[in-house]
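# Structural overview for review
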Amino acid sequence: MKKWRTLCFFWAIMALHAVAILIFTRGFLLTRTELPFHSNCSDVSKESPCFSNSPQGSDVNSTEGRCWTKPAIGRLVIIVLDAIRFDFVAPSSFFKEKKPWMDRLPVLQKLAFGEGSSARIFKAIADPPTTSLQRLKGLTTGGLPTFIDVGNSFGAPAIVEDNLIHQLVENGKRVVMMGDDTWVQLFPHHFRKSYPFPSFNVKDLHTVDNGCIDNLLPTLYEEDWDVLIAHFLGVDHAGHIFGVDSAPMIEKLEQYNGVLEKVIDALESQSRPGGLHENTYLLVMGDHGQTLNGDHGGGSPEEVETSTFAMSFRRPPSPIVPELDIPCEFDLERRSCISNFQQLDFAATVSALMGIPFPFGSIGHVNPEMYALAVNTGNSEDNSMGLDQYELASKEWLLNYANVLCVNTWQVKRYIDIYSASSMIGFSSEDISRIADMYTKAEKTYRQIKDNASHRSKSNDLSPSSLKHQIDAYVKFLNSVAELARSKWTEFNLPMMLVGIGMMLMSLFTHVFVIYRLSKACGVPFNPCGNSKISLGLVFASIIVMIRMWSLFSNSYILEEGKVANFLLATSGLVMLRYSIMRRKMLLEAGLFLILVAIIRFTIEIGLSKQAATSAFLHFNPSWMLGIDTSHHVWTHIFELLPMLALLLLVHLLYKAITGSSFGAISKITLLGTIFSYILIAMQWASENKMLGLASYGVGRNTLPRIIYAIGFGQILLLILSKLSCQEKAVVDCRRSIISDSLAMLSAWSSTVIIISGQQGPLVALATLIGGYCIVRFHDLEGNASGTPLVLAVNPLSLTQWCLFAVCLFFCTGHWCAFDGLRYGAAFIGFDEFVLVRQAILLTIDTFGFSHIIPIFGLPFLLLTAGDEKKGFPFARLSLVYMIYGFITAATVTATLLCVMVHRRHLMVWGLFAPKFVFDVVGLMLTDVLICVASLYFLGRTRDNTPAHDHAIGN
């Protein structure tokens, strides 16, 4: 049959899109070139200018008993508290308003701000994307992980480039790890002992933390390790599930405070001279922050700002670092001060403290305050130093730090030179020249200082001002390299990006060609002028699509994409209201549609408020804006009962569909299965709300969702098998058959989509039903109102509304185009353990269920108008509907690709444009797959008797 040629076009377009996206992605999301080189102890003595003409009287340049730098500490304890916000650790006096989650870690505050303290609290700044994989990779390599690594966040590959853990092991340090099993995936053969625990079940707040606690304290009394890493996850999971302002979050913070008290007591009890922890260094740090809603992954201040607590158990630090004029942030009373610490500097700082080579690709610099906590000079305590002793200690410390920065600067310069020579693009010649000039000046000044010290024969004859000038020169160079790397790290391949965009444009032309052919097959030749009269519907639909495409070129409009789509949908609704008035019919539907659009606009606002960094919404609760006191029990019960009432209404509508229509047996069985699933969903939510006490009888948390998934899968399988076994049907039978098949497929998907979406699911499903009904009713309004025949066999304005409605559903369900907009908890509804494929499928259904799956399988309802048989229903018209829908989606994604290419050097490219690109291309591929599947499902066993179709498609 000729229809198979049309079906092949759908598959060909999907293949074209896949190739175009792959090529464009290779040009845009290229990973940073990972060099295969590793640092070695011998590199410095062979290549570095830092170990010649060393000042006499100082041992800072002596290679005896050291590698690149002299070891400052003997043991290191790193406690990672995942997703610790800065205001979790810093005292509330640093903030204008005290929040319930503040001051829950008093043990750290007491140690950091006590008199004569050997501890400091830092505001740690992470580089986005702020997913755990990127941060662990960045912390250990000292580089800037590229955006494409986000895709590996659920299956971390082993790090092959040089890193801190590799250097520790290669230089004889024994490393013990416990907690988040991501460490074992990144470093599978590096730990002497490891106690990994599964980390991806965000509903589990305690397994990883309890595993850490059980192994951490006993390990502190053992001698068979040099570096101990304990990675806690409870705060991260509590944020994802409950948010920051919640009782579980506060309980977790208080639990951590108790654990840290025990850890510090254990370390202090063994820190006396000759003790096991005489020279131990403690780091308590976060890998990233989180928003008030518990999300992370982007680049907002709440997500990138975390905290680091550093403490030395050797002796109080020397009072020298303030001479470097390190900027810091004072509290409101100006009594305490906290300085910033770039997480990019972590690998270099720890390497210097441990006396091991810096990772080859590290571009950070040794933090002076952290280094000063461990590297002390002089034999007296600070309060007993005389002026001469203080100046001598100051000079000695500054000279020591200058030499460490010399090695640090040489290593970064070496890496930049080799990277630029080895990489396909590297940095520009202007940038390399500017960096080389700064390095040459710093090296020249350093040689002069060493020559002067050599001639004077004593290091204490050096001027502190000259040493600080030298340190400033090194810091300026290192900061410039880091700034350059942040702005130009990714290698964009513009030719490949252009090829990808060219192939997307080719797919659009293919769409237009097939639309033209299908329109002829329907007996309505494609003529934009429509019998010398301009089709207002086509023109208006084109304008709406163009406005949406152009809006993607502005970062502000991308941030407000949901509002833009809602505005365009409301504008199209006003046009439909105009047609309704002209025809004097369907006024109720037009008014209902506009009211629904207004409600969706309200819910999109709530979703955007969850995204905002300074969100006043701590929960998804529309009563906040209505001024309703949700603490009242009546309102609590109302909000709990609304989803169940919505489910009952859906059950009623499905029952009416069964009893009032002549559906086949398979469709009726499917609808009955959906009704049963809805009842199970209501039971699940009732048990969770403890309204019926079902939880106590074991009707449970995981059992009911799994039953619902099984029913849904069985329904879909039954529908597919029934289509494969049925005979081809003529046009007269197919109209009723396709509509019943569409309703059955929608009902089969709906139960899974609803339970994964949470208690908003039934309400969104009702909104989808109402909006879809109104758009279907509007389908022929233009032609009937104006007397102008449709330019196409279907109304392009109705299809445009359908697309915009799907976009609005994506945003009103609380999603947005960023990785912190993913609701990871939905992937674990019905399951506690993490299985990559299973959880990925559930997360995909949650993210794209209402915006892609339901709308695409519901498209056949647009053909529920009079005179369908005369227009080639069902095959040609339904194919035309799917082709136009795919064209609108592909055109929008093409605009996204152009936007990303144009803004590839934009400040927000990784924080905004790249996530938008990822979500759009995933949505396009899912749309293509669903259209292909739907075309086979609805049309595979259909016989189309339209002669025009055979002639048009065959030519």
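Attention here is on the structure that accompanies the text. (Residues numbered from 1 in each chain as written. Predicted model: local features only at pLDDT ≥ 70, side-chain atom pairs only at ≥ 80, totals over all residues. Heavy atoms only, no water.)

## Looking at the overall build of the protein
Put simply, the test is: The way it works is that DSSP assigns letters per residue, a run of H or I at least four long becomes a helix, a run of E at least two long becomes a strand, and they are numbered from the N terminus. Throughout, exposure labels follow a simple rule: accessible area from a 1.4 Å probe, protein chains only, divided by the maximum for the residue type, with under 20% read as buried, over 50% as exposed, and the rest as partly exposed.
What the protein contains, in helices and strands, is 33 helices and 10 strands. Taken over 955 residues, the protein has a buried fraction of 59%.

## Things to note about the environment of Pro 762
Inclusion rule: The criterion used for residue contact is that any of the two residues' heavy atoms lie within 4.5 Å.
The residue Pro 762 is located in helix 27 (residues 761-778) in this model. Judged by its relative accessible area of 0%, Pro 762 falls in the buried class. Once the C-alpha coordinates of Pro 762 and Ser 751 are considered, the two residues, 11 residues apart in sequence, prove to be 9.3 Å apart. Excluding residues that lie within four positions of it along the chain, Pro 762 makes contacts with Pro 643, Ala 646, Leu 647, Leu 650, Trp 685 and Ile 754.

## A short note on the state of the cysteines
We count it as follows: Any pair of cysteine sulfurs within 2.5 Å is marked as a disulfide.
This model, assessed by the stated rule, comprises three disulfides. Between Cys 50 and Cys 406 runs a disulfide, and the two sulfur atoms are separated by 1.9 Å. On the sign convention where negative means left-handed, the S-S torsion of about -90° between Cys 50 and Cys 406 marks this disulfide as left-handed. Here Cys 406 lies in helix 14 (residues 387-422) and Cys 50 lies in the loop between helix 2 (42-47) and strand 1 (75-81), a separation of 356 residues in the sequence. Residue Cys 328 pairs covalently with Cys 337 via a disulfide, S to S 1.6 Å. According to the relative accessible area criterion, Cys 328 is partly exposed, its value standing at 32%. Each disulfide of the protein joins two cysteines, and with those cysteines numbered along the sequence the arrangement is 1-3, 2-6, 4-5.

## Quick look at the packing of aromatic side chains
Keep this limit in mind: Stacked, tilted and edge-to-face pairs are distinguished by plane angle, under 30 degrees for stacked and over 60 for edge-to-face with tilted covering the rest, among Phe, Tyr and Trp rings (Trp via its six-membered ring) whose centres lie within 6.5 Å.
Enumeration according to the criterion identifies 27 aromatic pairs in this entry. Where Phe 232 meets Tyr 256, the ring centres are 5.4 Å apart and the plane angle is 65°; that geometry is what we call edge-to-face. Remark: Tyr 256 occurs in helix 10 (residues 247-269) and Phe 232 occurs in strand 5 (residues 227-232); sequence separation between them is 24 residues. In this structure, Phe 232 and Tyr 256 share a single accessibility class: buried. When the ring of Phe 810 is compared with that of Phe 919, the centres are 6.4 Å apart and the planes differ by 70°; the resulting orientation is edge-to-face. One end of the pair, Phe 810, is in helix 29 (residues 796-812); the other, Phe 919, is in helix 32 (residues 909-939), and 109 residues separate them in sequence.

## Re the sheet that holds strand 7 (residues 305-312)
The cut-off we apply is this: When DSSP finds two or more bridges between two strands, those strands count as paired. For every element, the axis is a line fit to its C-alpha atoms; helices are fit only across the contacting stretch, and the angle between N-to-C directions ranges from 0 to 180 degrees.
Ordered in space as 4-3-5-1-6-7-2-10, the eight strands form an open sheet in which the pairing is mixed. Each edge of the open sheet carries a strand with a single partner, namely strand 4 (193-197) and strand 10 (340-342). Going across the sheet, the axis of each strand differs from the next one's by a mean of 20°, ignoring polarity. Note that strand 3 (residues 175-180) and strand 5 share five bridges and pair parallel. By the bridge assignment, Met 178 is partnered in strand 5 with Ala 230. Against the sheet, helix 12 (residues 346-354) contacts strand 1, strand 5, strand 6 (280-285) and strand 10, and its axis sits at roughly 165° relative to strand 6.

## Looking at the pattern of salt bridges
Where we set the bar: Each salt bridge in this description consists of a side-chain nitrogen of Lys or Arg and a carboxyl oxygen of Asp or Glu lying within 4 Å of one another.
The full count for this structure, using the stated rule, is 25 salt bridges. The partner of Lys 916 in a salt bridge is Glu 561, with the nearest N and O atoms 2.6 Å apart. Pair noted here: Lys 916 is in helix 32 and Glu 561 is in helix 20 (residues 561-583), with a separation of 355 residues, a long-range link. With a relative accessible area of 2%, Lys 916 lands in the buried category. Among the salt bridges present, the one from Lys 916 reaches Asp 920, with a minimum N-O distance of 3.0 Å. Within this pair, Lys 916 and its partner Asp 920 are both found in helix 32, separated by four residues, close to a single helical turn. Classification of Asp 920 as buried rests on a relative accessible area of 13%.

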